[in-house]
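Per-entry structural report
Residue strings, one per chain:
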Amino acid sequence: GYYTLGDNGSFSSSSYRHRSKSKRRSSRRNSIDSGSDSTVGSSAKSHASRSSRRSGRDDDGSTDNTMTESLLTHRSKFPSALTIVHYFFSQKQKVLNFILLMMTAALFIMVHDEISKAQSYYSRESMAIAPHTDPNRRLATSIDFGGGDCLWQPPQYEIPENIDFYKTLIAGYPSGDKRMIWLQMEALAGWPAKDEWDFAFIGMSNHPFIKANYPHHEGFWGWGSLADQTILLVPYIRRSLVEYNDVLSDMGYPTTWDDPDIREKLLYIDKTPQELWYEWRDYRVMDEVHWWGWFIDYWMEGGLLRDIFTHKKVTLDHWNELMIRPFGTREELRYDRFGDENAIVRDTYDPHCAKGEISNGCVPVEVVSVDRLVDPSRGPAETAKIATALLSDSKTGDHVIAQQAWPCIWEELVEHRKGPKTIYDRPGKDYGYVDTEYNFSVEMLTEMLNELNRLIIKYSGIDWNTKPTANSLVALLMEHTNHLKVEINEVKSGRRKLQDKNFLGPRTREARRRLRATNTTISETFGDIPIANESENQTQPIIDIHHRLSDVGQREFMKKRREARKARERRRAKIDAWREEKKKKDQEEDKEEGAKKTRRKKKTK
């Protein structure tokens, strides 16, 4: 375009292309007006000519041989296959260069796409999160990109004390499953969780999520009255018992064999220390089957006090004895040792629950499962259950990420395995019910199955079947029973081979030992094999060694609680000293302020 100067001295822009088009339109219009008649005539002739050519005849109706010859000549111009091959070899280098060029272009496009994807990913990973204008109202640190896309981010570990959270307690039998649940909560709401023992040892804090093993002997009610609601985690009983075995091993039991008293007793026993350890461990794990069911009863019934093995109601004194003697044998903790077995005991609740130390009560608002959480078809729904429970109160619900991002949060943590390490990050460990590291005998699996059936019958009864949490629990326990039945069939069929290190149970282990002594082929099931009584000189030393091993666990139990109490006492002493110091400082300030007022009055007078 260019500019022209008008008569009035102003500039006006013009386009050469626009002017050229206008001139062409004008000349075309003039030519049409001047020669319209000739144009119409030539158009008619042209139409007639085209019609005759299509029909292959002249205007007088005769066939046009010239046209046929033309078509034959035109057809002969199309190249034959031989001609194409000849052309290819004559122009081979040019064709190869063209193919190479096209392949290079395709490769460039593929590499460019991959680089673009990587740049997009890393730009998301390094994206800074703009702080919210209100420090007390901050959404989850995980980023919601909209449309179901998100990016996991770690929670904000520094928690302001002035935020009023509606705090959630994650209660579950000791296992690594609770870690999977509170990682979901941290990703959904952007704030961290804290362990019950950390409250006892480190001190109280404003953490919105609390994980607890209480009332199991591996737990401790250390959070005081901070919790507002409870979510009950129900782990697979078989996996929980394997993890409990790891806890026993971590206590250092093998080192007790160096004790002189233990070595002396071993002289009178035809069992190796390893056999005695496995035997005692099997007894402990058999007892823990009932602790597992007792734990579920405690929370589902809102802290109602019951016996571990008979599941009868107990008094508070009876309960306190059970709580301080977790490593006692079944004989030592027998129900009738603490009162009349036929006495009617009224409902008695844990003082923590009775006093309302969980503001919404000890009864769980939701029952969740890690086995469902890691299932690709059901996992997102389990994440939604957890998020919905957090939304029950706006104090914490306002911090939860948008609902459209919940499935993405599940993908980030479960499928992409982002975040802190979990038990499923161990070598050889993967999601699911199947575990081949340890096997259980039919005796042990049947003990678990009986406990699950007891719970299913109880919580599917008329007193419970209208409660959503009870229905969720029953459905989950029925899944567990199906997996146990499958494993029982695998053991009976010989697909699972039992070894001495496996969980055999007292009857199966003793039967294997006796059959081995007689060089008899060992069967995989010993449920109906009668076991002969041990000789007197064998029985008492074995019982003594079992007691010795139980004492190790009892000492660890008492030691940890003593340390927690001492830490709490030290913390209280510091708080009392701080309060006393603050009181003195306030008094001195008040005294100084009074003196200033007196001086001002004198000065005024």
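Scroll up for the structure.
Structural notes, computed from the coordinates. Just so we're clear, the structure is a prediction, and the values are computed from it rather than from any experiment.

Right, let's talk about the sheet that holds strand β5 (residues 168–172) for a bit. The strand order β6-β7-β5-β8-β9 describes an open sheet built from five strands, whose pairing is parallel. The open sheet has two edge strands, β6 (193–195) and β9 (366–368), and neither has a second partner. Sheet twist, expressed as the average angle between the axes of neighbouring strands with direction ignored, equals 25°. Sheet topology note: the strand β8 (residues 229–233)/β9 ladder contains three bridges and is parallel. Residue pairing across strands places I231 opposite E366, the latter belonging to β9. Sitting on the sheet, helix α14 (residues 379–390) is in contact with β5, β7 (209–212), β8 and β9, with an inclination near 150° to β9.

Per the stated rule, a full pass over the model turns up two disulfides. Across the disulfide, C150 is cross-linked to C408 (sulfur-sulfur distance 2.1 Å). Here the S-S torsion is close to -95°, and the disulfide linking C150 with C408 is therefore left-handed. Placement of C150 in strand β4 (residues 149–151) and of C408 in helix α16 (residues 406–415) is noted, with a sequence separation of 258 residues between them. In this structure, C150 and C408 share a single accessibility class: buried. A sulfur-sulfur separation of 2.0 Å characterises the disulfide bridge that pairs C353 with C362. On the sign convention where negative means left-handed, the S-S torsion of about -100° between C353 and C362 marks this disulfide as left-handed. Cysteine pairing in the chain follows 1-4, 2-3, where each cysteine in a disulfide is numbered by its order in the sequence.

Among the nonpolar cores identified, the biggest contains 67 residues, and W223 and W299 are the most heavily contacted of them. If you list the elements that add at least two residues to this core, you get β5, β7, α8 (237–250), α10 (273–300), α11 (316–324), α17 (442–459) and α18 (468–493). Among the elements that take part in this core, α10 stands out by supplying 11 residues, more than any other. Among the nonpolar cores identified, the runner-up in size contains 34 residues, and F209, I231, L233 and I386 belong to it.

Summed over the entire model, instances satisfying the criterion amount to 13 aromatic pairs. Seen in terms of ring centroids, W221 and W223 are 4.4 Å apart; in terms of plane orientation they differ by 25°. Their pairing is stacked. Of the two residues, W221 and W223, neither departs from the other in class, the shared state being buried. Measuring from ring centre to ring centre gives 5.0 Å for W291 and W294, while their planes differ by 80°; the resulting arrangement is edge-to-face. Taken as a pair, W291 and W294 lie in helix α10 at a separation of three residues, close to a single helical turn. Of the two residues, W291 and W294, neither departs from the other in class, the shared state being buried. One aromatic cluster is present, formed by Y214, W221, W223, W291, W294, Y298, W299 and W319 through successive ring pairs. When the ring centre of Y335 is taken as origin, the NZ or CZ atom of K312, which lies over that ring, is 5.2 Å away. Looking at K467, its charged tip hangs above the ring of W464, at a distance of 4.3 Å from the centre.

Right, let's get into the packing of helix α6 (residues 177–189) against α16. It is at 10 Å that the axes of α6 and α16 come closest, and there the two elements cross at 130°. One element, α6, and the other, α16, form an angle in the oblique class. Here α6 runs over α16; the crossing is right-handed. The residues of α16 that touch α6, namely those facing L183, Q184, A187 and L188, are W406, I409, W410, L413 and V414. Of the residues in the contact of α6 with α16, the class split is eight nonpolar, one polar and no charged.

The rules we used
- Residues numbered from 1 in each chain as written.
- Predicted model: local features only at pLDDT ≥ 70, side-chain atom pairs only at ≥ 80, totals over all residues.
- Heavy atoms only, no water.
- Pairing = 2+ DSSP bridges.
- Helix = DSSP H or I, 4+ residues; strand = E, 2+ residues; numbered from the N terminus.
- Axes fitted to C-alpha atoms, helices over the stretch in contact; angles between N-to-C directions.
- Contact = heavy atoms within 4.5 Å.
- Disulfide = S-S within 2.5 Å.
- Buried < 20%, exposed > 50% of the residue type's maximum accessible area, 1.4 Å probe, protein only.
- Core = buried A, V, L, I, M, F, W, Y, C linked by side-chain atoms within 4.5 Å.
- Phe/Tyr/Trp six-rings, centres within 6.5 Å; stacked < 30°, edge-to-face > 60°.
- Lys NZ or Arg CZ within 6 Å of the ring centre and 35° of its normal.
- Parallel < 35°, antiparallel > 145°, perpendicular 65-115°, else oblique.
- Left-handed = near helix turned anticlockwise from the far one by under 90°.
- Nonpolar A, V, L, I, M, F, W, Y, C, P; charged D, E, K, R; others polar.

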